[in-house]
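Spelled out, the chains give:
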Amino acid sequence: VSTQSTGKLEEEKDLVCSFNLSLLQVIREYQNLHGLKHDDYQRYRQYCTRRLQRLYKGLKFLHGAKKFSNKKITPEMYCKDPRYLMITLIRAERAWAYALDLKQFANTEPRKQSHLVAKLKKAVIYAEELEGTCVSLKCDPSTQLEAKAYTHYMRGMLNFEKANWQRCLVAFTSAQKIYSKLADAVEEGGMYREKCE
């Protein structure tokens, strides 16, 4: 029993990876270059899909030639290449963009509202996965805080669409506090201050 527990501890020590990924900067760059300057969520969602395909191919993380088999990203994969973190981030962004694309039609077609909520739930799941991965891999503290703020923002969006006003307020306030702390801690905190507003 003791040899198994020491083996697990050695594996966990090996999985400590120090990544410094500026999530907000990456998200802003992708959004501004691919459609969100003009509120074109469909174009941004299509970009996210193409970006995911390029990442899958570059990492040889393919899901089967003929029949789809859902592959999970393991902690070892995250340590091997930081682009696996980008997969989780872009999956969340794609689901978020799809939800906001559906929001344009939600007033005229009631079924779109339930589809919109489902996509936001998926975005929250991916954001939570990203946050959990950043914490478990012991990434840079600023990366962990950005992932936490991103998760709170996605939860706020979901609760806003579900009309859970109290939870929405708590989530958005938490995200705003984290972004304001990051803005004070970093010399070039303008992008965090913009997000606070």
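Above this text is the structure in question.
So, here's what we can say about the structure. (Residues numbered from 1 in each chain as written. Predicted model: local features only at pLDDT ≥ 70, side-chain atom pairs only at ≥ 80, totals over all residues. Heavy atoms only, no water.)

Take the overall build of the chain next. Scanning the chain for helices and strands turns up nine helices and zero strands. Element order for the chain, N to C, with α for helix and β for strand: α-α-α-α-α-α-α-α-α. Considering the chain as a whole, with its 197 residues, one finds that 42% of them fall into the buried category. A sequence separation of at least 24 residues applies to 65% of the contacts in the chain between residues at least 6 apart. Accessible surface, the chain: about 12000 Å² in total, of which carbon and sulfur atoms supply 52%. (Helix = DSSP H or I, 4+ residues; strand = E, 2+ residues; numbered from the N terminus. Buried < 20%, exposed > 50% of the residue type's maximum accessible area, 1.4 Å probe, protein only. Contact = heavy atoms within 4.5 Å. Areas by Shrake-Rupley, 256 points an atom, 1.4 Å probe, with all protein chains shown as cover.)

As a further point, take the packing of aromatic side chains. Under the defined criterion, the tally for this structure stands at six aromatic pairs. On the numbers, 5.5 Å between centres and 75° between planes, the contact of Phe160 with Trp165 is edge-to-face. One aromatic cluster is present, built from ring pairs that chain together Tyr30, Tyr41, Tyr44, Tyr47 and Trp96. Against the face of Tyr98 rests Arg45, its NZ or CZ located 4.1 Å from the ring centre. (Phe/Tyr/Trp six-rings, centres within 6.5 Å; stacked < 30°, edge-to-face > 60°. Lys NZ or Arg CZ within 6 Å of the ring centre and 35° of its normal.)

A word on the packing of helix 7 (residues 141-161) against helix 8 (residues 165-185). At a minimum axis separation of 8 Å, helix 7 and helix 8 run at an interaxial angle of 155°. As the angle between them shows, helix 7 and helix 8 are arranged roughly antiparallel. Between helix 7 and helix 8 lies a crossing of left-handed hand. Classifying every residue of the contact of helix 7 with helix 8 gives 14 nonpolar, five polar and four charged. (Axes fitted to C-alpha atoms, helices over the stretch in contact; angles between N-to-C directions. Parallel < 35°, antiparallel > 145°, perpendicular 65-115°, else oblique. Left-handed = near helix turned anticlockwise from the far one by under 90°. Nonpolar A, V, L, I, M, F, W, Y, C, P; charged D, E, K, R; others polar.)

Helix length check: helix 3 (residues 41-59) (19 residues) gives 27 Å between terminal C-alpha atoms against 27 Å at 1.5 Å per residue, within 8%. Where helix 3 is concerned, the buried positions are Tyr41, Tyr44, Arg45, Tyr47, Cys48, Arg51, Leu52, Leu55, Tyr56 and Leu59. Contact partners of the buried residues in helix 3: helix 2 (23-33) and helix 5 (83-103). Note on helix 3: the residue one or two positions beyond its end, Lys60, has a positive phi of about 55°. (Expected span 1.5 Å × (residues − 1).)

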